[in-house]
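These are the residues of each chain, in order.
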Amino acid sequence: MSNVATPHYGIFSLSNVPPWNTHNEVVNKAIEQIVHADKLGFEEAWVAEHNGRRYGIVASAQLLLAAAAAATSRIRLGSGVSRLPMHHPLRLAEDYAYVDQLSGGRLNFGIGKAYDRLEFQAYGIPEAERDERYEEVFEIVMQAWRTGKVKFAGKHYRVPAEGEVADEIELFPEVAQKPTPPVFVMVSSSEESLRSAARRGFSFVLGQRPTRDDVRRLVGVYREEARAAGHSFDAIDENIARASQLKAIHVADSHEQARREYEHGYMWYVNILSNRAKVGLGIDELTYDEYIDRKTLILGSPEQVAEELASFHSHTGLGGLVAWFDAGSQPQEQVLRSMTMFAEKVRPQL
């Protein structure tokens, strides 16, 4: 049993398009997995956002989240992440407010700065402006959600633009969750991103690379930074309880079966050099067994996976884990079966 009182679990969708899947198959796989997770009792579904790369074909997470909101009734829906510098801030505030209303207040707003040089080039956004744009976009979104209107003049964005029609813009629709949907900072490798989340009082989701010892240390860093910023012990504990780490997971009848079934898709994914750096896996050439030994992914029978997860929560102190059942676009029947085994056979042991 884990010493975390009520661990929570989400699923992750990156929408990879390997050679054996069509774009249509991948688009529909994501929705089916989120609907299945909703029925099985998973607490969260997180969807990634990329463009110009085969490893992620959802350019605006709000599109997939809106479709998921209309098809589900209970599961919380998170952007993992919304790349703030890539979007016009008012449009972003409007889109996610719509998702929040459509879902009945189930939006988790996960934010990040983006990291792929190709994505900046594709949209004509100078990479050197990344941090400044991130801050301005976030400020505008928060202002829109909290006040229902925007009046902002910054270095990169001015809302409204200069003109004679209006000196402020109203937000339609308003958000369902007041004053704003919960904000999560996605932390791939930068400790400063974690410190920023702590100072602002936001929760976080860690990427795959940190080991359990690393995660435990980062949780300590978060606590220290949050306390220095004046946040209460209760608020800090709550944010850590809501925090998660992303992990590739596959559950089967045995460890050997799980290992065999997951290998092809997973290794297709991580063997693309640009992929490994993007998801925080590093750029070392590792074997499949080395990824397993480093616990970058968790494979096995329900009993083995439950034991690993209990150890994870106990050692790190994190309250949640985001399970990536579909890394490398695994066969859909296999993904759904693994999700079902997780919900029905792993969770009861935790």
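Before reading on, note that the structure itself is shown above.
Residues numbered from 1 in each chain as written. Predicted model: local features only at pLDDT ≥ 70, side-chain atom pairs only at ≥ 80, totals over all residues. Heavy atoms only, no water.

(A) Fine view of the side chain of glutamine 334. With respect to the helices, strands and loops of the structure, glutamine 334 is situated in helix α13 (residues 332-346). Setting aside chain neighbours within four positions, we find glutamine 334 in contact with His250, Glu261 and Tyr262. (Helix = DSSP H or I, 4+ residues; strand = E, 2+ residues; numbered from the N terminus. Contact = heavy atoms within 4.5 Å.)

(B) Fine view of the side chain of arginine 212. The residue arginine 212 is located in helix α7 (residues 212-228) in this model. For arginine 212, a relative accessible area of 15% puts it in the buried group. In this structure the side chain of arginine 212 is engaged in a polar contact, spanning 2.9 Å, whose partner is the side chain of serine 311. Not counting residues within four places of it along the chain, the set of residues in contact with arginine 212 comprises Lys295, Ile298, Glu308, Ser311, Phe312, His315 and Thr316. (Buried < 20%, exposed > 50% of the residue type's maximum accessible area, 1.4 Å probe, protein only. Polar contact = N/O pair within 3.5 Å; in protein donor to acceptor, adjacent residues only side chain to side chain.)

(C) Local environment of helix α3 (residues 89-102). With 14 residues, α3 extends 20 Å between its outermost C-alpha atoms, agreeing within 8% with the 20 Å of an ideal straight helix rising 1.5 Å per residue. Within α3, burial applies to Pro89, Leu90, Leu92, Ala93, Tyr96, Ala97, Val99 and Asp100. Glycine 104, located one to two residues past α3, shows a positive phi value of around 75°. (Expected span 1.5 Å × (residues − 1).)

(D) Just the pairing of strand β3 (residues 76-79), in detail. By the bridge criterion, 4 bridges tie strand β2 (residues 44-47) to β3 in an arrangement that is parallel. In the sheet register, tryptophan 46 faces β3, and the bridge partner there is glycine 78. Handedness of the β-α-β unit built from β2, helix α2 (residues 61-71) and β3 comes out right-handed. Bridge count between β3 and strand β5 (residues 107-112): 2 bridges; the pairing is parallel. Across the sheet, the residue bridging to leucine 77 is leucine 107, located in β5. (Pairing = 2+ DSSP bridges. Right-handed = clockwise from strand over helix to strand, strands pointing away.)

(E) Just the nonpolar core, in detail. Judged by nonpolar contacts, the single largest core of 78 residues is most densely connected at Phe42, Phe109, Trp145, Leu309 and Phe342. Ignoring anything within four residues of it in the chain, the contact list for leucine 309 reads Tyr9, Ile249, Ile298, Leu321, Phe342, Val346 and Leu350. Counting residues in each nonpolar core, the second largest holds 28 residues, with Trp46, Val205, Tyr262 and Ile292 among its members. (Core = buried A, V, L, I, M, F, W, Y, C linked by side-chain atoms within 4.5 Å.)

(F) Broad picture of the pattern of salt bridges. By the definition in use, this model includes 27 salt bridges. Between arginine 217 and glutamate 191 there is a salt bridge, with the nearest N and O atoms lying 3.1 Å from each other. One end of the pair, arginine 217, is in helix α7; the other, glutamate 191, is in helix α6 (residues 191-200), with 26 residues separating them in the sequence. Using a relative accessible area of 44% as the deciding quantity, one classes arginine 217 as partly exposed. Owing to a relative accessible area of 27%, glutamate 191 belongs among the partly exposed residues under this scheme. Its salt-bridge partner being glutamate 308, residue lysine 295 comes within 3.2 Å of it at the nearest N-O pair. In this pair, lysine 295 sits in the loop between α11 (288-293) and β13 (297-300) while glutamate 308 sits in helix α12 (residues 302-316), placing the two residues 13 residues apart along the sequence. Put simply, Glu191, Glu192, Arg195, Arg199, Arg217 and Glu225 are held in one network by salt bridges that share partners. (Salt bridge = Lys/Arg side-chain N within 4 Å of Asp/Glu carboxyl O.)

(G) Broad picture of the pairing of β13. Going residue by residue along β13, you find Leu297 and Leu299 tucked away on one face and Ile298 and Gly300 tucked away on the opposite face as well. Examined bridge by bridge, strand β12 (residues 244-251) and β13 share 4 bridges and lie parallel to one another. Opposite isoleucine 249, over in β13, you have isoleucine 298 as the bridge partner.

(H) The arrangement of the environment of alanine 69 in detail. Summarising the element assignment, alanine 69 is placed in helix α2. Taking the relative accessible area as the measure of exposure, alanine 69 reaches 3% and is therefore buried. Between the alpha carbons of alanine 69 and serine 103 there is a distance of 4.7 Å; along the sequence they are 34 residues apart. In contact with alanine 69, not counting residues within four places along its chain, are Leu77, Val99, Leu102, Ser103 and Arg106.

(I) Structural context of the environment of proline 302. Structurally, proline 302 is set in helix α12. The sequence separation of proline 302 and alanine 30 amounts to 272 residues, and the corresponding C-alpha distance is 24 Å.

(J) How the structure looks around the packing of aromatic side chains. Applying the stated criterion across every chain, the model contains 16 aromatic pairs. Ring centres of phenylalanine 42 and phenylalanine 342 lie 5.6 Å apart, and the angle between their planes is 25°; on these two criteria the pair is classed as stacked. Taken together, the residues phenylalanine 42 in the loop between α1 (23-40) and β2 and phenylalanine 342 in helix α13 connect sequence positions 300 residues apart. Judged on exposure class, the residue phenylalanine 42 and its partner phenylalanine 342 are both buried. Seen in terms of ring centroids, phenylalanine 325 and phenylalanine 342 are 5.7 Å apart; in terms of plane orientation they differ by 85°. Their pairing is edge-to-face. Linking phenylalanine 325 in the loop between β14 (320-324) and α13 with phenylalanine 342 in helix α13, this pair joins segments that are 17 residues apart in sequence. Exposure class is identical for phenylalanine 325 and phenylalanine 342. Each is buried. Cluster of aromatic residues (ring-pair linked, three or more members): Phe12, Trp20, Trp268, Tyr269 and Trp324. Taking NZ or CZ as reference, lysine 113 lies 5.3 Å from the ring centre of tyrosine 134, over its face. (Phe/Tyr/Trp six-rings, centres within 6.5 Å; stacked < 30°, edge-to-face > 60°. Lys NZ or Arg CZ within 6 Å of the ring centre and 35° of its normal.)

Read these as geometric descriptors, not functional statements.
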